[in-house]
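The chain contents come next:
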Amino acid sequence: MLSCNACMEHYLKTIIGDSIFTGPNIRKSITANTFSRNFTSGARISRRQHGQDDERGRSSQWVAGAKTAQQVIPDPEQRNREKSLKRSAQVIPISKRETMLEYKMGTILQRYPAYANDPLKLAEYVRKALKGDDYDTALAVVRAASKGISCTVSWNHLIDWQLSKGRMNAAMKTYNEMKKRGQPPDAHTFTIIIRGCTNHKDLESALSKVMAIYNSMLTEKSPVKPNSIHLNAVLKMCARARNNELMFSIVDQMPEKGLSAPNNLTFTTIINALRMEAAGDFRSNLTPMQKRQNAQKAILHARQLWNDVTRRWRKGDIWIDEELVCSMGRLMLLGQKQDWDDILSLVEQTMNIPRQLPRLGSKERYLIEPESQGRDHDLEMAVRAPDQNLGRPSELENTTTLDDFEVSRSKLPANTGAFSYAKPGRNVISLVMEALMLLKVKAPADRYWDVFIKDIGIKPDIENYHQYLRILRVNHASTLAVELLGAMPRPDMRPATFMIAMSACHRDTNNLGAFASAGRVLHIMTEALDTPVVKVLTLYLNIALASTRKGHNLSNYEQGKRILRALDRLGPSFINIKTLLLETNRRKAIQGHKKQEKQESIEGDVEFLIQRMIAAYDTLMDKALVPREQYTELTQRRSKLAAILTRHKHYEARACAEIYELPPHLNQHVSDHNLHKAMGRAQASASKWRIFREKVEKEYAAEEILACHAAEMEEESVAKDKEFAMAS
């Protein structure tokens, strides 16, 4: 009843007459009140019969301050609320479907007032709906609930979901709609938008939107001022967009102290941006000298920044963590030998881990350097002094580097206030081992490993083990490599683990104990892996064959014993390898093109292993390393291997000989449409070739039909032109 202006006017005319409606104020008041009633209830204006009670036209119980429809002239407070709702109704236009869905969700909220009156429960419902990718329902519920309660958290969920799907423009529209519906954004809203834009693929567009939001937060009317979280997110956005000038302009505006002051994450972001810029230059077309100079500029800038970091750290304004230390260290890995050496000083300064290697340039370091043996230290330093800045850019001259990582002399506990040492972890182990790898030193690496693992108690990951194994491999330390391999957890072992360990033994073939160490590596591999690594087996056999070189004081019997031992130990593993080789021929016609390339790589490794095994049997008999009574048995073994290799090569030759061809007209179709790659993939099997040929024949027939139709139409057109010319 009284659902529209006409009904209201007709009803009042019967009571007070027609004269009262001549004034424009009364008519305007009735219109405004009717609009307010319909808007707050969420119902659309429709034609209804007089006296009909429609529940959809009733005001929702969960709308704060809703009035009944019978009140003609509202009071001033009600009028202000109506104006606010009217302004909030002027949102971005939505479709008819979204309007109907919003109305239905409003009706549901009337039945469940707990969600309509509790923002926390509403946000939980929206989060669950978005987890199931039901965005439309979640948006309709939030729109309906926004008329009565403050639900900023629910709007944050909507914006976050859109940004996670890469819909940056849609998320910005939702953000604008959120403000127009009277839902003020909070600090977390801006954090969500800035972080979401940082992960977008269009970095230039994302950066412009982020800077627009950041500048709006700096205005006086903004209720939310940027804090360190917002600033760090903006700096990360600038770093991803490779706009370091804009990043440093923002940093210059940051205060010394306060909520917007830089913290450890701020400096981590800046140093990572410098490293990304320097690493990008290494992949450019610059000359080696230019790349080296750009890297030195970035490192110098980071060193100057690090002085500010340590100053703030010692004053207690910020605290240093492992991430910040490693970001600085990994930038220095792009430098020269002095920068690599300073990484150890950086770890000593921030984590209170003493250097296990003397400083570069000191007399103690000079005495242990291999290239300095037999030279005078004082004379060498006097010769180097004039040329110490050779090759450095002009702006880098007259700069000191040794004092950048000065160690604090005051002894502090591990955790005492802001000025406390950073806690080392796996990332620092990786950084130190990589620096020592570049410096090519082994003894300090052993001491650092003991400090990190035994003294501090860090549990290394597989990458830490691999880096330490690489250092042992470079320094030909096969015994230590096997001991480290035995201490590793079996579930963490990978094929690369055994490849590095066996390579360490292979480089240490001058050591007579390398063969025993290689046998232990092979034993651990058979226990840890289901399928042995073919290249590891080949290296193991090569280590045994290396005993026949000159320089080994081994008798012929000992040399033959080693080679026979290696061949016998390869037996169980070779059974699996032979099965793999035979199965490869059957799978090649079934698997995809990329998998075929992988299988071909495995086939090549297996073929090389078989050839090396055949060469080992030839070495045993040609050099008389075994008694002649064993020649018959060894010849039989060699013949079996040769038969396997011949059978496989014969199968490959037969498979390569079966090349399917097309008729000339279909070959021309393949050339016209650039189908050569598809044709090559179809050569894998007869079934694939049949499917490919049928497809090409259908396409060729369809093109022929179209060509015939085109020719007929052209002939008709020519004939009509002739008739028209004759008639004229």
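This text follows the structure it describes.
J.: Break down the pattern of salt bridges for me, with residues and values.
T.: Tallied over the entire structure, the rule returns 20 salt bridges. For the salt bridge of E697 with R693, the shortest nitrogen-to-oxygen distance reads 3.1 Å. In this pair, E697 and R693 are both assigned in helix α32 (residues 686–727), four residues apart and thus about one turn of the helix distant. Counted as one network, the salt bridges with shared partners bring together E256, D308, R311 and R312.

J.: Explain the environment of T635 to me, and be specific about the residues and the numbers.
T.: Along the chain, T635 turns up in helix α29 (residues 631–657). According to the relative accessible area criterion, T635 is partly exposed, its value standing at 37%.

J.: Describe helix α20 (residues 426–439), listing the residues and the values that go with them.
T.: Relative to the 20 Å expected for 14 residues at 1.5 Å per residue, α20 spans 20 Å between its end C-alpha atoms, a close match to the ideal helical length. The set of residues buried in α20 consists of V428, I429, S430, L431, V432, M433, A435, L436 and L439. For α20, the elements touching its buried residues are α16 (322–332), α17 (337–351), α18 (363–368), α21 (443–456) and α22 (462–474). Where α20 terminates, the next one or two residues include K440, which has phi positive at roughly 60°.

J.: Give me the nonpolar core: which residues, what numbers.
T.: By size, the foremost hydrophobic cluster in this structure holds 152 residues, and its most contacted members are L158, W306, L436 and F498. Excluding residues within four positions of it along the chain, L436 makes contact with L344, V441, P444, A445, Y448 and I471. Listed in part, the eight residues of the second largest apolar core include L666, M679, W689 and F692.

J.: Give me the environment of L567: which residues, what numbers.
T.: As for its position among the elements, L567 is in helix α27 (residues 556–587). Exposure remark for L567: the relative accessible area of 5% places this residue in the buried category. Sequence separation between L567 and L537 is 30 residues; the distance between their C-alpha atoms is 10.0 Å. Every residue in contact with L567, bar those within four places of it in the chain, is listed here: L541, M613, A616, Y617 and L620.

J.: How would you sum up the packing of helix α6 (residues 119–131) against helix α7 (residues 135–145)? Please name residues and give values.
T.: Between α6 and α7, whose axes approach to 8 Å, the crossing angle comes to 160°. Taken together, α6 and α7 sit at an angle that is classed as roughly antiparallel. The handedness of the crossing between α6 and α7 comes out as left-handed. In contact with L122, Y125, V126, A129 and L130 of α6, α7 contributes Y135, T137, A138, V141, V142 and A145. Looking at the contact of α6 with α7 residue by residue, the classes come out as ten nonpolar, one polar and no charged.

What counts, and at which threshold
Residues numbered from 1 in each chain as written. Predicted model: local features only at pLDDT ≥ 70, side-chain atom pairs only at ≥ 80, totals over all residues. Heavy atoms only, no water. Salt bridge = Lys/Arg side-chain N within 4 Å of Asp/Glu carboxyl O. Helix = DSSP H or I, 4+ residues; strand = E, 2+ residues; numbered from the N terminus. Buried < 20%, exposed > 50% of the residue type's maximum accessible area, 1.4 Å probe, protein only. Expected span 1.5 Å × (residues − 1). Contact = heavy atoms within 4.5 Å. Core = buried A, V, L, I, M, F, W, Y, C linked by side-chain atoms within 4.5 Å. Axes fitted to C-alpha atoms, helices over the stretch in contact; angles between N-to-C directions. Parallel < 35°, antiparallel > 145°, perpendicular 65-115°, else oblique. Left-handed = near helix turned anticlockwise from the far one by under 90°. Nonpolar A, V, L, I, M, F, W, Y, C, P; charged D, E, K, R; others polar.

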